[in-house]
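Commentary on secondary and tertiary structure
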Amino acid sequence: YAVSDVGMLFSICAVLSLVTLYPLLMKRLPRTYVDPLFKTKKERLRDRFLDLLCVFYASVCISVYCLPVTYMFYSSVCVISPLSNLLVLPLASVCVVLSFLTYFASVVKIDFITIGIAFLTKQADTLLLKEVNMLSSLGNTYFYFDYRYGAVIAGVLLIIACAFLIRRKTAFKIGALL
């Protein structure tokens, strides 16, 4: 049962992408440590940009590794999924945290705090729904695959995964070339 479960397969692909492909991309980013007390505004801005780039890289890595599973079950891939993940996931995380805070404040029974946090939660949820509606209004931007493309994508990802496991630079180059 678990082998054919879509959620489990997507989870495995996501974790595999973050273990294999994501570190390779992160090595390319110019990171230097500067004490936060002595950072200039330019360095802080650059760090924020690099943080956003890291989130985008993670989203792209997960999308690439999930292509074979997506092909296998749906025969198509949504083009804007990395962009939507970049925009929706941070706000969804805030909504989850605010929901927990609302629950805990209601358990403590401090009414004015509960009402304030519940209001913030409702506003964040409304903003999240507006964001999702805006992204869904972009239309159906899908790529549909023939069975050969799915096999090629799965083969390339298999080569990259094997290269990671055996740590051969030649295999990495072959996988990148394909």
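Residue numbers restart at each chain and count upward from 1, following the sequence in its written direction. Whole-chain, interface and lining totals are the exception, using all residues; otherwise, since this is a predicted model, local features are given only for residues with pLDDT of at least 70 and side-chain atom pairs are given and counted only at 80 or more. Side-chain numbers here rest on the full set of heavy atoms in the structure, without hydrogens or water.

**Here's the deal with the overall build of the chain**
Secondary structure elements are defined from DSSP: runs of H or I of at least 4 residues count as helices, runs of E of at least 2 residues count as strands, and each element is numbered from the N terminus. What the chain contains, in helices and strands, is seven helices and two strands. Starting at the N terminus, the α and β elements of the chain follow one another as α-α-α-β-α-α-β-α-α. The rule is simple: take the accessible area with a 1.4 Å probe, protein chains only, and divide by the maximum for that residue type; under 20% is buried, over 50% is exposed, in between is partly exposed. Going through the 178 residues of the chain one by one, you find that 27% of them count as buried. Here a residue-residue contact requires only that any non-hydrogen atoms of the pair lie within 4.5 Å. The long-range share in the chain, meaning contacts at least 24 apart out of those at least 6 apart in sequence, stands at 67%. Total accessible area computed for the chain in this model is approximately 12600 Å², and 72% of it derives from carbon and sulfur atoms. Each accessible area is a Shrake-Rupley result for a 1.4 Å probe, and residues are judged covered by the shown protein chains and nothing else.

**Examining the packing of helix α1 (residues 6–26) against helix α3 (residues 67–74)**
Here an axis means a line fitted to C-alpha atoms, over the contact stretch when the element is a helix, while the angle between two N-to-C directions is reported on a 0 to 180 degree scale. With their axes 9 Å apart at the nearest point, α1 and α3 run at an angle of 160° to one another. Taken together, the axis directions place α1 and α3 in an arrangement best described as roughly antiparallel. The handedness of the crossing between α1 and α3 is left-handed. Residues V6, L9, F10 and C13 of α1 form the contact with α3, whose participating residues are V69, T70, M72, F73 and Y74. Residues of the contact of α1 with α3, tallied by class, amount to eight nonpolar, one polar and no charged. Oblique is the label for every angle not falling under 35 degrees (roughly parallel), over 145 degrees (roughly antiparallel), or within 65 to 115 degrees (roughly perpendicular). Should the near helix be turned counterclockwise from the far one by less than a right angle, the crossing is left-handed, whereas a clockwise turn marks it as right-handed. Residue type decides the class: Asp, Glu, Lys and Arg count as charged, Ala, Val, Leu, Ile, Met, Phe, Trp, Tyr, Cys and Pro as nonpolar, and the leftover types, Gly among them, as polar.

**Some thoughts on the pattern of salt bridges**
One speaks of a salt bridge when a side-chain nitrogen belonging to Lys or Arg is within 4 Å of a carboxyl oxygen belonging to Asp or Glu. Tallying each qualifying case throughout the model produces two salt bridges. In this structure, D47 and R46 form a salt bridge, with 3.8 Å as the shortest nitrogen-oxygen distance. Overall, R46 belongs to the partly exposed group, its relative accessible area being 31%. Where R48 meets D51, a salt bridge forms, and the shortest distance between an N and an O atom there is 2.9 Å. Taken together, the residues span about one helical turn, with R48 and D51 both in helix α2 (residues 41–65) at a distance of three residues. For R48, a relative accessible area of 54% corresponds to the exposed category. With a relative accessible area of 31%, D51 lands in the partly exposed category.

**A look at the packing of α1 against α2**
Packed helix pairs are characterised by how far apart their axes lie and by the angle those axes make with each other. Between α1 and α2, the shortest axis-to-axis distance is 8 Å and the interhelical angle comes to 130°. Taken together, α1 and α2 sit at an angle that is classed as oblique. Where α1 crosses over α2, the handedness of that crossing is right-handed. Residue-level inspection shows C13, A14, L16, S17, L18, T20, L21, Y22, L25 and M26 of α1 in contact with α2, the latter providing C54, Y57, A58, C61, I62 and Y65.

**Here's the deal with helix α5 (residues 111–136)**
Here a helix's expected span is defined as the number of its residues, less one, multiplied by 1.5 Å. Taking 1.5 Å as the rise per residue, α5 with 26 residues should run 38 Å; its terminal C-alpha atoms sit 37 Å apart, in good agreement. Within the span of α5, buried status applies to T114, I117, T121, A124, L128, E131 and L135.

**Comments concerning a nonpolar patch on the surface**
Only residues whose relative accessible area exceeds 30% and that form no salt bridge are eligible for patches; like-charged ones are grouped when within 9 Å, while nonpolar side chains (Val, Leu, Ile, Met, Phe, Trp, Tyr) are grouped when within 5 Å. Taken together, V96, F100, Y103, F104 and V107 make up a surface patch of nonpolar side chains, about 540 Å² in accessible area. Counting through the fold element by element, V107 comes out in helix α4 (residues 81–108).

**What to know about α3**
Listed in full, the buried residues belonging to α3 are L67, P68, V69, T70 and Y71. Downstream of α3 by a residue or two, S75 has a phi angle that is positive, lying close to 60°.

**So, unusual backbone geometry**
The phi torsion at K109 lies on the positive side, around 65°, for a residue other than glycine. Overall, K109 belongs to the exposed group, its relative accessible area being 66%.

**Description of the nonpolar core**
Core analysis: the biggest nonpolar cluster contains eleven residues, these being L9, C13, L21, C61, Y65, C66, L67, V69, V77, I153 and L157. Residue assignment for this core shows that the elements contributing at least two residues are α1, α2, α3 and α6 (147–166). Per-element tally for this core: the top contributor is α1, with three residues. Residues contacting C61, with those up to four places away along its chain left out, are S17, L21, Y22 and L25. The nonpolar core is taken to be a set of buried Ala, Val, Leu, Ile, Met, Phe, Trp, Tyr and Cys residues, with the residues joined through side-chain atoms within 4.5 Å.

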